[in-house]
Amino acid sequence: MEKINAAISGVAGYVPEYILTNDELSKMVDTSDEWIMTRIGIKERRILKGEGLGTSDLGTQAVKKLLEKTGTKPEEVDLLICTTVTPDMQFPATANIISDKLGIKNAFSFDLNAGCSGFLFGLSTASKFVQSGKYKKVVLVGADKMSSIVDYTDRSVCPIFGDGAGAVLLEPTTEDYGVIDEMLHVDGAGRKHLHQKAGGSIKPASHESVDAREHFIYQEGQAVFKAAVKGMADVSVEMMKKHNLTSDDIAWLVPHQANMRIIAATAKRMELPPEKVMINIQKFGNTTDGTLPLLLWEWEDKLKKGDKLILSTFGAGFTWGAIYLKWAYNS
Ligand code: UT7
């Protein structure tokens, strides 16, 4: 039997309308456009406003657009995986809520959490279902309403994050396209540098936990920064070496967007020129699980069949990794 590969056959993204600028942030905390641009590289980010709206609303918009543009009926979807760190609720899975909102009735669905590497780990997971031959149409959606866990009195965290979602359709092919290889890593000891203190089973929500602002992101920026530079650059270079890829062979680096300096360091280690690096951090910030599919969505019309892409991430966990992907279509 011929080997089945899992190829991305469509991509869509969604960001909410409200734009939170550095100037507006400067009125909320002691910061400046100059500091944020120099240290992080973000100019503005999108925020989902509105009572009762959550991550599933972002994800639903992205998947709706994906189904429309790929001519896929909701009933045809076999599996939907949502990667998120900001689920609508602790349970049930946000994936189930997205499926319900879109009439995706014949699929099973579940959430996956791997911090900012969620979409990368999700792409690896989703591709295995397609490669099994059993599942023909798999939707992978990365969505996060980061504004729901960002403390807008903490200047070391609030400039970084934004809200957004993106989704891809994965389908089988016997051609040599799609997900070629992955390298995924975890170091749970890294959790001490980046986590949410309360709201889970070791510290359920209480008046005290709310008063102590423990339902927001806790991050030791410098420790995370150092590990991110090393993790993302090492794994990307390792992937290149394993497949004998030079910087000339690679069409695009698709890096997680947490800090411009992390992206630049990774590209430098890979000896890639800036024009081969997808960057949208300046307008969306770090949308966590939305980041990689939003990049692919924005760059879709520049991508050509056969283009070799390296996707690379680092996030809470710690989690990090790279995927080597051959783009499967011309748009
Ligand atoms: O995707 C999830 C993974 N997260 C990441 O990858 C984030 C990785 N870390 C980073 O991107 C950076 O560490 C930060 C952007 C979070 C912080 O940048 P930094 O260059 O590491 O700054 P720092 O934490 O070393 O702080 C330097 C100074 C401090 O002041 P003092 O102590 O030197 O007086 C901070 O209080 O900058 C101050 N500072 C700010 N000043 C103005 C921190 N945040 C701000 C701010 N505006 N927003």
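Residues numbered from 1 in each chain as written. Predicted model: local features only at pLDDT ≥ 70, side-chain atom pairs only at ≥ 80, totals over all residues. Heavy atoms only, no water.

## Points about the sheet that holds strand S11 (residues 252-255)
Rules: Pairing between two strands requires that DSSP report at least two bridges joining them. Put simply, DSSP marks the helices as runs of H or I at least four residues long and the strands as runs of E at least two long, and each gets a number from the N terminus on. Orientation is described by axes fitted as lines to C-alpha atoms, over the contacting stretch for helices, and by angles from 0 to 180 degrees between their N-to-C directions.
One open sheet holds the four strands; their spatial order is S8-S13-S12-S11, and the pairing between them is mixed. Of all the strands in the sheet, the pair left with one neighbour each is strand S8 (178-186) and S11. Recorded for the sheet is a direction-independent mean angle of 15° between the axes of neighbouring strands. As paired elements, strand S12 (residues 308-315) and strand S13 (residues 319-326) share eight bridges and run antiparallel to each other. Residue pairing for S13: Gly 315 is matched across the bridge by Thr 319.

## A few points about the packing of helix H3 (residues 55-70) against helix H4 (residues 94-102)
Stated precisely, the cut-off is as follows: An angle below 35 degrees is treated as roughly parallel, one above 145 as roughly antiparallel, one from 65 to 115 as roughly perpendicular, and anything else as oblique. Note on convention: near helix rotated counterclockwise from far helix by under a right angle means a left-handed crossing. Clockwise means right-handed. Working rule for contacts: check all heavy atoms of both residues, and any pair within 4.5 Å makes them a contact. Three classes are used: nonpolar for Ala, Val, Leu, Ile, Met, Phe, Trp, Tyr, Cys and Pro, charged for Asp, Glu, Lys and Arg, and polar for all others, with Gly counted as polar.
Packing of H3 against H4 brings their axes to within 9 Å, and their N-to-C directions diverge by 50°. With respect to H4, the axis of H3 lies oblique. The two elements H3 and H4 meet at a crossing, and its hand is right-handed. Of the residues in H4, those touching H3 at Thr 55, Ser 56, Asp 57, Gly 59, Thr 60, Val 63 and Lys 64 are Thr 94, Ile 97, Ile 98, Lys 101 and Leu 102. Across the contact of H3 with H4, the residue classes tally to four nonpolar, five polar and three charged.

## Thoughts on the site of the ligand
The test is simple: For this purpose, a residue is taken to be near a molecule or strand whenever a single non-hydrogen atom of the residue falls within 4 Å of it. Any N or O atom pair separated by 3.5 Å or less is treated as a polar contact, with the protein-specific requirement of one donor-capable and one acceptor-capable atom, and with residues adjacent in sequence counted only for side-chain atom pairs. Here the open area of atoms and residues is found with the Shrake-Rupley method and a 1.4 Å probe, where only the protein chains shown may cover a residue. As used throughout, domain bounds are those supplied by an automatic or database domain assignment.
The local shell around the ligand holds 22 residues, among which Thr 31, Arg 155, Gln 222, Asn 259 and Asn 286 are the closest. At a separation of 2.4 Å, an oxygen atom of the ligand approaches a polar side-chain atom of Gln 222. Notes on the ligand: free accessible area 940 Å², of which the protein chains cover 74%. Looking at the shell around the ligand, the elements with two or more residues in it are helix H2 (33-39), helix H7 (221-242) and helix H8 (260-269). In terms of residues, the shell around the ligand owes the most to one element, H7, which gives four residues. Here the shell around the ligand is built from residues that sort into 10 nonpolar, eight polar and four charged. The two domains that each donate at least three residues to the shell around the ligand are domain 1 (5-176) and domain 2 (180-326).

## Section: the nonpolar core
How we decide: Joining through side-chain atoms within 4.5 Å is the link that ties buried Ala, Val, Leu, Ile, Met, Phe, Trp, Tyr and Cys residues into a set, and such a set is a nonpolar core. Accessibility here uses a 1.4 Å probe with only protein chains present; expressed as a share of the type maximum, an area under 20% marks a residue as buried, one over 50% as exposed, and anything in between as partly exposed.
Counting 42 residues, the largest nonpolar core has Phe 161, Ile 217, Ile 250, Leu 253, Met 270, Ile 310 and Phe 314 as its most contacted members. When residues of this core are traced back to their parent elements, those giving at least two are H7, H8, S12 and S13. Ranked by residues supplied to this core, first place goes to H7 with seven residues. Among residues more than four places away in sequence, those in contact with Phe 314 are Cys 116, Ser 117, Val 224, Ala 227, Ala 228, Gly 231, Met 232, His 256, Thr 319 and Trp 320. Counting 34 residues, the second-largest nonpolar core is a separate cluster that includes Ala 114, Val 168, Leu 170 and Leu 296.

## Re the environment of Gly 315
Along the chain, the position of Gly 315 falls in strand S12. The buried category is assigned to Gly 315, whose relative accessible area is 4%. Along the primary structure Gly 315 and Gly 285 are separated by 30 residues, whereas in three dimensions their C-alpha atoms are 14 Å apart. Beyond its immediate chain neighbours, meaning those up to four positions away, Gly 315 contacts Cys 116, Ser 117 and Leu 194.

## With respect to the domain arrangement of the protein chain
Partitioning the protein chain into domains gives domain 1 (5-176) and domain 2 (180-326). Those elements giving two or more residues to the side of domain 1 that touches domain 2 turn out to be strand S1 (5-14), H2, strand S3 (44-47), H3, helix H5 (118-131), strand S6 (138-145) and strand S7 (163-173). No other element matches H5, which puts seven residues into the side of domain 1 that touches domain 2. Here the residues of the side of domain 1 that touches domain 2 sort into 23 nonpolar, 16 polar and 13 charged.

## Digging into the environment of Gly 13
Tracing the chain through its elements places Gly 13 in strand S1. Residues Gly 13 and Gly 59, 46 residues apart in the sequence, show an inter-C-alpha distance of 8.7 Å.

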